[in-house]
Every structure is written in structure tokens, then in C-alpha cells.
Amino acid sequence: EAGVTQFPSHSVIEKGQTVTLRCDPISGHDNLYWYRRVMGKEIKFLLHFVKESKQDESGMPNNRFLAERTGGTYSTLKVQPAELEDSGVYFCASSQVSSGRSEQYFGPGTRLTVT
Amino acid sequence: GNSVTQMEGPVTLSEEAFLTINCTYTATGYPSLFWYVQYPGEGLQLLLKATKADDKGSNKGFEATYRKETTSFHLEKGSVQVSDSAVYFCALSRNYGGSQGNLIFGKGTKLSVKP
């Protein structure tokens, strides 16, 4: 069974540019989560999809971030325009919806560097 | 609000030494508690978990006990190996109905084990 995959693994962009990160969850997992870790700080929750619906987006930092999950499969996270403080590692995770205590499986992360 | 505090690293040990990484939490209700591990160049992996008070999670020689009275979930291993070198994250989650809520992480503790 393929794990959670993320693309790209690393992205370097200039301030003001746009970047789109992609996450492919484990097949059949309805829950999809985005997190990010800014240098030296905790991994912070961004948002949670159940299928194609946003269950909780309380962690999204501002309206420069837009997450979508069309069709309830893969998800994209767009940052437009990027700022220096957006640099960090963005993780995606997925889990099954049926169990309230199911494990979240994480992808390897996308390292975003804004210069 | 909910939060997790874990001991700052880095931690450097010799092979076969005893390991303790402290973790305390603040949460309302009855969260589930987790330890995740990130090996160099890889994504986060669930190491162990506990879903209610006095539960002990264990895996690969690591153990942690959910202590509600001290709001702690300390990670221990009796004899570390070089291959245990990684970053360890303590985390909690609230559970909502049939879905696991988002994870709240500590800052992570980097462990280096020397031969």
C-alpha cells in the first residue's frame, strides 16, 4: 500500500511568488490534514478535510493560504503571494474516518524556502 | 487551550544508555496522547500511543504511560541504539465523534546516539 506522498519535496521561490503544494493521501482515507513546521518551532495544524469538505481550518494563518480537495482525493495548498515567514516544512497526513482514534499517517513533507 | 511541552534537546547518549524524554500536556477533557518519530530524511511515523489514563503505549522497546494525575506522557527506553537517532515529537489530539481531531505537537527533541 502506497503511503502519503507530497510534491514537490523542496521548493525555493522568491517573496511575492505563488507556490502550490500537493498531497496524495493513502487510498480510501477520508481525513486529510495539513500541518507546517516553521524553523525551530512546533509543528502546527493548518486544516482538516473530511472528503472534500473543510472540517476545521482554524489553523490557516491568513487568506494568502488556500487549500482545496476537489473530489475528495488529493489536496493542494496554495500560497499566494508568498512571504518570508512562510518558509518551513509543510506536512500532510491522512487517516480513515471510521475510527475516532485512528492513526494519522504522515507524508515526508515539502520544504518551502521563500527568499 | 491545549498544549504540549517536551524537554528541549538535543540529547546525546551513548549506545545502551537509558533514555527519558519528558512530555507534559494541558488539555480539557480526555485527549489521546502520541509519540511520533522522524528519522533523518523521512516523514513522521507514529511510535506509540495511549488513549486513556493509565494506558501504556509501547513499540520497538520504547514505552510511555498516560498519567492523568501529572498530565504527563514521558518516553522511555532502557537501552538505546545508534539507529534510534531521530527527532521525537510528543503530541495530543482531541476526538470529535467519529473523527480524530488535529494533532497538537511539542517542539520536538533531537536524540543522537553515539556508538
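Heads up: the structure comes first, above all this text.
Everything in this summary refers to the structure shown in the same document. Note that the structure is a prediction, hence the values are computed from the model and not measured. (Residues numbered from 1 in each chain as written. Chains lettered and ligands numbered in written order. Predicted model: local features only at pLDDT ≥ 70, side-chain atom pairs only at ≥ 80, totals over all residues. Heavy atoms only, no water.)

### Side note on the overall build of chain A
Step number 1: The helix and strand tally for chain A stands at zero helices and 11 strands.
Step number 2: The secondary structure elements of chain A, listed N-terminal to C-terminal, are β-β-β-β-β-β-β-β-β-β-β.
Step number 3: Taking 115 residues into account, the globule formula puts the C-alpha radius of gyration at 13 Å, and chain A, at 13 Å, falls close to it.
Step number 4: C-alpha extents for chain A along the principal axes are approximately 40 × 25 × 25 Å.
Step number 5: When contacts within chain A are restricted to residue pairs at least 6 apart in sequence, long-range pairs at least 24 apart make up 52% of them.
Step number 6: In the form shown here, chain A has an accessible surface area of approximately 5,700 Å², with 47% of it arising from carbon and sulfur atoms.
Step number 7: Positive and negative side-chain charges of chain A, numbering 13 and 13 respectively, have mean locations separated by a distance of 3 Å. (Helix = DSSP H or I, 4+ residues; strand = E, 2+ residues; numbered from the N terminus. Rg over C-alpha atoms; globule rule 2.2 N^0.38 Å. Contact = heavy atoms within 4.5 Å. Areas by Shrake-Rupley, 256 points an atom, 1.4 Å probe, with all protein chains shown as cover. Lys, Arg positive; Asp, Glu negative; His and termini not counted. Charge placed at Lys NZ, Arg CZ, Asp CG, Glu CD.)

### Considerations on the pattern of salt bridges
Step number 1: Applying the stated criterion across every chain yields a total of eight salt bridges over all chains.
Step number 2: A salt bridge links Arg-36 of chain A to Asp-86 of chain A; its shortest N-O distance comes to 3.9 Å. Of the two residues, Arg-36 of chain A is situated in strand E4 (residues 31–37) and Asp-86 of chain A in the loop between strand E8 (75–79) and strand E9 (88–95); the sequence distance between them amounts to 50 residues. Of the two residues examined, Arg-36 of chain A and Asp-86 of chain A, each falls in the buried class.
Step number 3: Residue Lys-52 of chain B pairs with Asp-55 of chain B through a salt bridge whose shortest N-O separation is 3.3 Å.
Step number 4: Each of Arg-36, Arg-64 and Asp-86 of chain A takes part in one network of salt bridges that share partners. (Salt bridge = Lys/Arg side-chain N within 4 Å of Asp/Glu carboxyl O. Buried < 20%, exposed > 50% of the residue type's maximum accessible area, 1.4 Å probe, protein only.)

### What to know about the state of the cysteines
Step number 1: Overall, the coordinates contain two disulfides over all chains when judged by the stated rule.
Step number 2: Note on cysteine connectivity: Cys-23 of chain A is disulfide-linked to Cys-92 of chain A, with sulfurs 1.8 Å apart. Linking Cys-23 of chain A and Cys-92 of chain A, the disulfide has an S-S dihedral of approximately -60° and is accordingly described as left-handed. One end of the pair, Cys-23 of chain A, is in strand E3 (residues 19–24); the other, Cys-92 of chain A, is in strand E9, with 69 residues separating them in the sequence. With respect to burial, Cys-23 of chain A and Cys-92 of chain A carry one shared label: buried.
Step number 3: In this model, Cys-23 of chain B is linked to Cys-90 of chain B through a disulfide, with the two sulfur atoms separated by 1.9 Å. Linking Cys-23 of chain B and Cys-90 of chain B, the disulfide has an S-S dihedral of approximately -70° and is accordingly described as left-handed. Of this pair, Cys-23 of chain B sits in strand E4 (residues 23–26) while Cys-90 of chain B sits in strand E10 (residues 86–96), and the two are 67 residues apart along the sequence.
Step number 4: A relative accessible area of 0% places Cys-23 of chain B in the buried class. (Disulfide = S-S within 2.5 Å.)

### Topic: the pairing of strand E6 (residues 44–50) of chain B
Residue and element names in this part refer to chain B.
Step number 1: Of all seven residues making up E6, five are buried, and the element is well covered by its neighbours.
Step number 2: Summarising the sheet, strand E5 (residues 32–38) and E6 pair through six bridges and their orientation is antiparallel. Paired with Val-37 across the strands is Gln-45, a residue of E6.
Step number 3: Where E5 folds back on E6, the antiparallel hairpin that results is connected by five residues, among which Gly-41 adopts a positive phi of roughly 80°. (Pairing = 2+ DSSP bridges.)

### Considerations on the side chain of Thr-110 of chain A
Residues and elements named next belong to chain A.
Step number 1: On the secondary structure map, Thr-110 appears in strand E11 (residues 110–114).
Step number 2: The class for Thr-110 is buried, based on a relative accessible area of 0%.
Step number 3: Leaving out residues up to four positions away in the same chain, Thr-110 has contacts with Gln-6, Phe-7, Pro-8, Ser-9, Leu-21, Gly-88, Val-89 and Tyr-90.

### Thoughts on the sheet that holds strand E8 (residues 62–65) of chain B
Each strand in a sheet pairs with its neighbour through backbone hydrogen bonds, running either in the same direction (parallel) or in the opposite one (antiparallel).
Residues and elements named next belong to chain B.
Step number 1: The sheet built from four strands is open, its strands ordered E3-E9-E8-E7 with antiparallel pairing. Where the open sheet ends on each side, the last strands, each with one partner, are strand E3 (19–21) and strand E7 (56–59). Within this sheet the neighbouring strands show an average axis-to-axis angle of 15°, counted without direction.
Step number 2: As defined by bridge partners, E7 adjoins E8 across four bridges and the pair is classed as antiparallel. Looking at the pairing, Gly-57 lines up with Ala-64 of E8. (Axes fitted to C-alpha atoms, helices over the stretch in contact; angles between N-to-C directions.)

### Details of the sheet that holds strand E7 (residues 65–68) of chain A
Residue and element names in this part refer to chain A.
Step number 1: Sheet architecture is open: four strands sit in the order E1-E3-E8-E7, paired in antiparallel fashion. In this open sheet, the two strands that pair with only one neighbour each are strand E1 (5–7) and E7. Within the sheet, the average angular offset between the axes of one strand and its neighbour, ignoring direction, is 15°.
Step number 2: Pairing of E7 with E8 involves four bridges; the strand directions are antiparallel. Paired with Ala-67 across the strands is Leu-77, a residue of E8.

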